[in-house]
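Now for the letters of each chain:
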Amino acid sequence: MVIYLKKQLEKSFVPLDSINNLVDNIVTENSINKSMNPRIKNYTIFLNFNYTNIEDYYVKELKDAFPDEVKSIHIHGELNNAINPVIFGYDDEKDVEFNEIKNSFDSGYSENVKTINYTITGNYNELVKFIENNEYEVYVLGHSCGISDRTILSKIIDTDNCKSIKIYYYVKDGNSTDHKDKVINISRMFPLNTNIINKIVPQDKCEELSNIKKLLPDISIN
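Residues numbered from 1 in each chain as written. Predicted model: local features only at pLDDT ≥ 70, side-chain atom pairs only at ≥ 80, totals over all residues. Heavy atoms only, no water.

Colleague: Outline unusual backbone geometry, listing residues and values.
Modeller: Although it is not a glycine, Asn80 adopts a positive phi angle of roughly 65 degrees. If you trace the backbone, Asn80 turns up in the loop between β2 (70–74) and α4 (96–102). Residues other than glycine seldom take positive phi values, yet Cys145 does so here, at roughly 60 degrees. (Helix = DSSP H or I, 4+ residues; strand = E, 2+ residues; numbered from the N terminus.)

Right under this line is the structure:
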């Protein structure tokens, strides 16, 4: 799988101005909020799930300009980085069958449990520290919000510190978008928690994520 991803990453990639503008607006808005209330420390964390450094095309200059406020966390590791190795696997602690497998006597089944592999680096701890000590908004750019990441997504959005969830959507065909698909995925993760659904920003107040899917290598595996 790593070999396949490396080959995909070799494909040409052209950063999109629309994504640059979107990312700039997110960081700038946080910086404006900080200037209005200097007692509040504002951070923008780009949580990367897809093993690549593609977000550096959009984030590097911002991290250089705001080194104390803009950070990247490659929660599932990075290709070509032995210090932050790639993490594959599944993680749904609410799934009965998943827990039966994880708790079996065969420890080999736990090799690809994401939460276990999160202990290899300090990425997860850094994220948890941020979550527990800050109020924040979640911006979804490209992630499917699927149950394979239910444990970490629960940690991020099933807390009072998470104030809103804004989904930047793809246009699938005509006027159809994947905004509703992601809302459905989130509702499946939290079927009894209407408070989380209430945090989701309505589609008519969200924006399209442009046609980035047409230009990115096929590397996003959640």
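That was the structure; now back to the text.
Colleague: Residue-level account of the nonpolar core, with values.
Modeller: Val138, Ile152, Ile156, Ile157, Ile165 and Ile186 are the most contacted members of the largest nonpolar core, which totals 27 residues. When contributions to this core are tallied by element, the ones reaching two or more residues are α6 (123–133), β3 (136–141), α7 (150–157), β4 (162–168) and α8 (179–189). At 5 residues, α6 tops the list of elements feeding residues into this core. Apart from residues lying up to four places away in sequence, Val138 is in contact with Ile156, Ile157, Cys162, Ser164, Ile165 and Lys166. Among the nonpolar cores identified, the runner-up in size contains 7 residues, and Ile54, Tyr58, Val59 and Val70 belong to it. (Core = buried A, V, L, I, M, F, W, Y, C linked by side-chain atoms within 4.5 Å. Buried < 20%, exposed > 50% of the residue type's maximum accessible area, 1.4 Å probe, protein only. Contact = heavy atoms within 4.5 Å.)

Colleague: With reference to specific residues and values, describe the pairing of β4.
Modeller: The side chains of a regular strand alternate, first on one face of the sheet and then on the other. Counting buried positions along β4 gives 6 out of 7 residues, so the element sits mostly inside the fold. Where β3 and β4 come together, 6 bridges link them in parallel fashion. When the bridges of β4 are listed, Tyr139 appears paired with Lys166. For the crossover that starts at β3, traverses α7 and ends in the parallel β4, the hand is right-handed. (Pairing = 2+ DSSP bridges. Right-handed = clockwise from strand over helix to strand, strands pointing away.)

Remember, this is a structural readout, not a statement about activity or role.
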